[in-house]
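# Remarks on the overall topology
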Amino acid sequence: LVALVASALVGSLAYRATGRELAASTDDFLRSRAAEIEQGLRSGPRTRPGRATDRLENAADDDSIIQLVGPNGRRVSTGPELPVVDASTATRSGWFENIEIDGEPFRMVSRSTPSGSIIQVARSTAEVERVLSRLVARVAFISLIVAALAAALGWFIAARTTSPLRRLAAAA
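Everything numeric here is computed off the predicted structure, so don't read it as measured data. Numbering of residues starts from 1 in each chain and follows the order in which that chain's sequence is written. At least 70 in pLDDT is required for a residue's local features to be given in this predicted model, at least 80 for side-chain atom pairs to be given and counted, and no such filter applies to totals for whole chains, interfaces and linings, which use all residues. Only hydrogens and water are set aside when side-chain values are computed; all heavy atoms of the structure are taken into account.

### Some points on the side chain of Gln 67
Using the following cut-off: The numbering of helices and of strands both runs from the N terminus, where a helix is a DSSP run of H or I of at least 4 residues and a strand a run of E of at least 2. Polar contacts here mean pairs of N or O atoms no more than 3.5 Å apart (in protein, one a potential hydrogen donor and the other a potential acceptor; neighbouring residues in sequence count only if both atoms are side-chain atoms). Here, residues are in contact when the closest pair of their heavy atoms is within 4.5 Å.
Tracing the chain through its elements places Gln 67 in strand S1 (residues 65-69). There is a polar contact of 2.9 Å between the side chain of Gln 67 and the backbone nitrogen of Leu 82. At 2.7 Å, the side chain of Gln 67 and the side chain of Gln 120 are in polar contact. Residues contacting Gln 67, with those up to four places away along its chain left out, are Arg 75, Val 76, Ser 77, Pro 80, Glu 81, Leu 82, Val 84, Ile 118, Ile 119 and Gln 120.

Shown next, in the form of structure tokens:
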């Protein structure tokens, strides 16, 4: 029982630490991508002058969805439209939130620009959830093995310790 509780505790701590690390990594990616777009280091969605429809030039990599929201509320996106946050919510450092697009979990940052536009970058967190799910399964499996080994070791030690008492009781 002690081994099972200890394994569960270690597993829980590993799950939480891994979850925090993966979330921080996702947030760093989103923050960096939004800054790259604002600084012009990476092309985001752009409208082509003279066209009735938006055309995305030099779209973002497949690892994220980028959306620009102009001061007038007009949106241009490299993928599905993202939920627009209020301009007062989108701070210069970025407002992070978890969203869902077509049933898939995403993490999104909304960052305001000096011009009054909002840069939004979203990244799927499905892989993060799969990693954490596999971690839970592995920790559970290892905990069961540790508990079984601890029970077998306890039975062996108890049998060795009580063996002289059993012989004495049988002789009496």
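### Thoughts on the nonpolar core
The test is simple: To qualify as a nonpolar core, a set must consist of buried Ala, Val, Leu, Ile, Met, Phe, Trp, Tyr and Cys residues joined through side-chain atoms within 4.5 Å. Three labels apply to residues, based on accessible area from a 1.4 Å probe with only protein chains included: buried if under 20% of the type maximum, exposed if over 50%, partly exposed otherwise in between.
Counting eleven residues, the largest nonpolar core is built from Ile 65, Val 69, Leu 82, Val 85, Ala 90, Ile 99, Ile 101, Phe 106, Met 108, Ile 118 and Ala 122. Where this core is concerned, the elements lending two or more residues are S1, strand S3 (95-101), strand S4 (104-112) and strand S5 (118-124). If we ignore the near neighbours within four places in the chain, the residues touching Ala 90 are Val 85, Trp 95, Ser 110, Arg 111, Ser 112 and Ile 118. By size, the runner-up hydrophobic cluster in this structure holds nine residues, among which are Ile 66, Phe 96, Val 109 and Ile 119.

### Describing the pattern of salt bridges
Rules: We count a salt bridge whenever a side-chain nitrogen from Lys or Arg sits within 4 Å of a carboxyl oxygen from Asp or Glu.
One pass over the full model with this rule turns up eight salt bridges. The partner of Arg 31 in a salt bridge is Asp 28, and the shortest N-O contact between them spans 3.1 Å. Here Asp 28 and Arg 31 lie together in helix H1 (residues 2-38), a separation of three residues that amounts to about one turn. The residue Glu 38 makes a salt bridge to Arg 111 at a minimum N-O spacing of 3.0 Å. Note that Glu 38 is positioned in helix H1 and Arg 111 in strand S4, a separation of 73 residues in sequence. Residue Arg 111 is classed as buried on the basis of its relative accessible area, which comes to 13%.

### Overview of helix H2 (residues 126-171)
Rules: To estimate the expected span of a helix, subtract one from its residue number and multiply by 1.5 Å. A residue's bend is given by the angle between axes fitted to the 7 residues ending at it and the 7 residues starting at it.
Taking 1.5 Å of rise per residue, the 46 residues of H2 would be expected to cover 68 Å, and the 67 Å separating its terminal C-alpha atoms lies within 8% of that figure. Its maximal kink placed at Thr 162, H2 deviates by approximately 40°, while the proline Pro 164 follows within four residues. By the burial criterion, the buried members of H2 are Ala 126, Val 128, Leu 132 and Ser 143. As for H2, its buried residues are in contact with H1, S4 and S5.

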